Amino acid sequence: MDKTPRSGVINFQCDASKEHDFAAHGENPRGHYIMSLTSKHACVQKPPPPSPTTHKPPPPSPTASPTTAGHHHQSKDNPISLGTILDICALMVLMTYLVGGAAFMRFRKGAEGKDMMPNADFWLMLPGLIKDGGKLIIGKVRGLRGSQPGYESI
């Protein structure tokens, strides 16, 4: 089986007189294909005017902002928000950590099963550490842990 990576480019060309005309222009360089599609469907069209019976939403008030309205509006230029991008990046880092760590543990350390989880001891202790930290903070806020029993203040 040929393992040459392959890619392709399709150029869309507008011609209002053609339904569709597809042409393959060859392979240049090897594994890169160049094609064109000429069609009336490739033409940029203006949207039809709204019908008189179509209900239009009222324009936004000049004082309303996305935060006061409780909704996040995305611009047409950037359809995904910064939060979405950060979520995707965090998910990719997590997946890389888990898959890469498991592969490292398997092939470098010879681990199998649950032992393939990277830093398993830390992840198993983490819930207890979070609980202890929460108790410490709540105790400090409530003033219950002002001094340790058994010690005299200086």
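See the structure printed just above.
Residues numbered from 1 in each chain as written. Predicted model: local features only at pLDDT ≥ 70, side-chain atom pairs only at ≥ 80, totals over all residues. Heavy atoms only, no water.

(A) Local environment of the pattern of salt bridges. As enumerated under the stated definition, the model contains three salt bridges in all. Between Glu19 and Lys40 there is a salt bridge, with the nearest N and O atoms lying 3.2 Å from each other. Of this pair, Glu19 sits in the loop between strand 1 (7-14) and strand 2 (21-27) while Lys40 is found in the loop between strand 3 (32-39) and helix 1 (66-69), placing the two residues 21 residues apart along the sequence. Note that Arg106 is salt-bridged to Glu112, the shortest N-O span being 3.4 Å. Looking at Glu112, the relative accessible area reads 54%, which means it is exposed. (Salt bridge = Lys/Arg side-chain N within 4 Å of Asp/Glu carboxyl O. Helix = DSSP H or I, 4+ residues; strand = E, 2+ residues; numbered from the N terminus. Buried < 20%, exposed > 50% of the residue type's maximum accessible area, 1.4 Å probe, protein only.)

(B) Main features of the state of the cysteines. Applying the stated rule across the entire model yields one disulfide. At a sulfur-sulfur separation of 1.8 Å, the disulfide partner of Cys14 is Cys43. Here the disulfide of Cys14 and Cys43 is right-handed, its torsion about the S-S bond being about 90 degrees. Of this pair, Cys14 sits in strand 1 while Cys43 sits in the loop between strand 3 and helix 1, and the two are 29 residues apart along the sequence. (Disulfide = S-S within 2.5 Å.)

(C) Quick look at the side chain of Ser39. The residue Ser39 is located in strand 3 in this model. Taking relative accessible area as the criterion, Ser39 reaches 4% and is therefore assigned buried. Side-chain polar atoms of Ser39 contact the backbone nitrogen of His41, separated by 2.9 Å. Excluding residues within four positions of it along the chain, Ser39 makes contact with Gln13, Cys14, Asp15, Lys18, Glu19 and His20. (Polar contact = N/O pair within 3.5 Å; in protein donor to acceptor, adjacent residues only side chain to side chain. Contact = heavy atoms within 4.5 Å.)

(D) Looking closely at helix 3 (residues 120-142). Here helix 3 contains 23 residues, and its C-alpha end-to-end distance of 34 Å stays within 8% of the 33 Å for a straight helix at 1.5 Å per residue. Remark: the principal bend of helix 3, roughly 40 degrees, maps to Leu126, with a proline, Pro127, within the next four residues. (Expected span 1.5 Å × (residues − 1). Bend = angle between axes of the 7 residues up to and from the residue.)

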